[in-house]
Amino acid sequence: MALRNAVLAALIDRESSGYDLAKRFSVSVANFWTATPQQLYRELDKMESEGLLAARVVKQEKRPDKRLFSVTDAGRAALFDFTRQEPKPTTVRDELLVQVEALAWADVASVRTSIESRIKQSEQRVETYERSLAEILGSRSHEEFLATGNRIGPYLTLQRGISFERDNITWGELALRVLQARSG
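Residues numbered from 1 in each chain as written. Predicted model: local features only at pLDDT ≥ 70, side-chain atom pairs only at ≥ 80, totals over all residues. Heavy atoms only, no water.

Peer 1: What should I look at first to understand the overall build of the chain in this one?
Peer 2: Secondary structure assignment for the chain yields eight helices and three strands. Counted from the first residue to the last, the chain has its helices and strands arranged as α-β-α-α-β-β-α-α-α-α-α. Against the globule reference of 16 Å for 184 residues, the chain gives a C-alpha radius of gyration of 20 Å, more extended than a compact globule. With the principal axes as the frame, the chain shows a C-alpha extent of 65 × 45 × 40 Å. A burial count over the chain gives 30% of its 184 residues as buried. (Helix = DSSP H or I, 4+ residues; strand = E, 2+ residues; numbered from the N terminus. Rg over C-alpha atoms; globule rule 2.2 N^0.38 Å. Buried < 20%, exposed > 50% of the residue type's maximum accessible area, 1.4 Å probe, protein only.)

Below you can see the structure in the form of structure tokens.
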């Protein structure tokens, strides 16, 4: 998947500045696609020149003018075409797992510290995703939202992010217990 599809999906519901899009990426979209702010700005400019996005300038006092991007009809068509394609299988590229795989030759204390750090990162992400999910739900229960809500895509991707990070926590705790038992 190209970054452009993630950008189109993030902008499909509402226009956004590059700055706001970068913030949104770091909070919710990051659970399934990552990009640096510089990558996002380059992609926004490229997509605008290709007619997938339109930008309008908003004048601001005491700040530089900002551009707000929205998806064009061509962008909607491109996103629709993307959703018709079979997604590539997910592959895991995780440096921590390489370190764990090499435990027989590793600095076990350093690997243990890395696992502890991963658990903390995952706990923080769960909190962030749960806050975003609470914003989407508002005062509705999950059942009420699913019956009446219009942001089902973000709801489902946040649920996947929460599940993924909770699984990271469970695995990390298991790994720490195993390492503790092995060290006596």
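Peer 1: Explain the packing of helix α2 (residues 18–27) against helix α3 (residues 37–49) to me, please; I cannot follow it from the model alone.
Peer 2: Relative orientation and spacing of two packed helices are given, respectively, by the angle between their axes and the distance between those axes. It is at 10 Å that the axes of α2 and α3 come closest, and there the two elements cross at 130 degrees. Judged on the interaxial angle alone, α3 and α2 are oblique. Crossing handedness for the pair α2 and α3: right-handed. Between α2, through Gly18, Tyr19, Leu21, Ala22 and Phe25, and α3, the contact on the second element is made entirely by Pro37, Leu40, Tyr41 and Leu44. The class makeup of the residues in the contact of α2 with α3 is eight nonpolar, one polar and no charged. (Axes fitted to C-alpha atoms, helices over the stretch in contact; angles between N-to-C directions. Parallel < 35°, antiparallel > 145°, perpendicular 65-115°, else oblique. Left-handed = near helix turned anticlockwise from the far one by under 90°. Contact = heavy atoms within 4.5 Å. Nonpolar A, V, L, I, M, F, W, Y, C, P; charged D, E, K, R; others polar.)

Peer 1: What should I look at first to understand the nonpolar core in this one?
Peer 2: Nonpolar side chains tend toward joint burial in soluble globular proteins. Among the nonpolar cores identified, the biggest contains 18 residues, and Val7, Leu11, Leu21, Phe25, Leu40, Leu44 and Leu53 are the most heavily contacted of them. Elements with a contribution of two residues or more to this core: α1 (3–11), α2, α3 and β3 (66–71). Of all the elements, α1 adds the most residues to this core, at six residues. The contact partners of Leu11, leaving out residues within four places of it in the chain, are Ser16, Leu21, Arg24, Leu44, Leu53, Phe69 and Val71. Of all hydrophobic cores here, the second largest spans nine residues; its members include Leu96, Ile119, Val126 and Leu176. (Core = buried A, V, L, I, M, F, W, Y, C linked by side-chain atoms within 4.5 Å.)

Peer 1: Help me understand the side chain of Ser122, please; the structure alone is not making it clear to me.
Peer 2: Secondary-structure assignment places Ser122 in helix α6 (residues 108–137). In this structure the side chain of Ser122 is engaged in a polar contact, spanning 2.6 Å, whose partner is the side chain of Glu165. Dropping the residues within four chain positions of it, Ser122 is found in contact with Glu165, Asn168 and Ile169. (Polar contact = N/O pair within 3.5 Å; in protein donor to acceptor, adjacent residues only side chain to side chain.)

Peer 1: Whenever I open this one, the environment of Val29 confuses me. Can you help?
Peer 2: Here Val29 lies in the loop between α2 and α3. Discounting residues that sit within four places of it in the chain, Val29 has contacts with Ala10 and Arg24.

Peer 1: Would you explain the environment of Met47 in this entry?
Peer 2: Of note, Met47 is situated in helix α3. Exposure remark for Met47: the relative accessible area of 0% places this residue in the buried category. Separated by 40 residues in sequence, Met47 and Val7 place their C-alpha atoms 9.3 Å apart.

Peer 1: Explain α3 to me, please; I cannot follow it from the model alone.
Peer 2: Since the α-helix advances by 3.6 residues per turn, residues separated by three or four positions end up pointing in the same direction. Taking 1.5 Å per residue as the helical rise, α3 with its 13 residues ought to reach 18 Å, and the 19 Å between its terminal C-alpha atoms agrees with that figure. Within the span of α3, buried status applies to Leu40, Glu43, Leu44 and Met47. An end-on view of α3 places all buried positions within 105 degrees of arc, on one side of the element. Across α3 from its buried face, at more than 90 degrees, point the exposed residues Arg42 and Ser49. Lining the buried residues of α3 we find α1, α2, β2 (53–58) and β3. Taken from the residues just after α3, Gly51 is the one with a positive phi, measuring 85 degrees. (Expected span 1.5 Å × (residues − 1). Arc of directions from axis to C-beta.)

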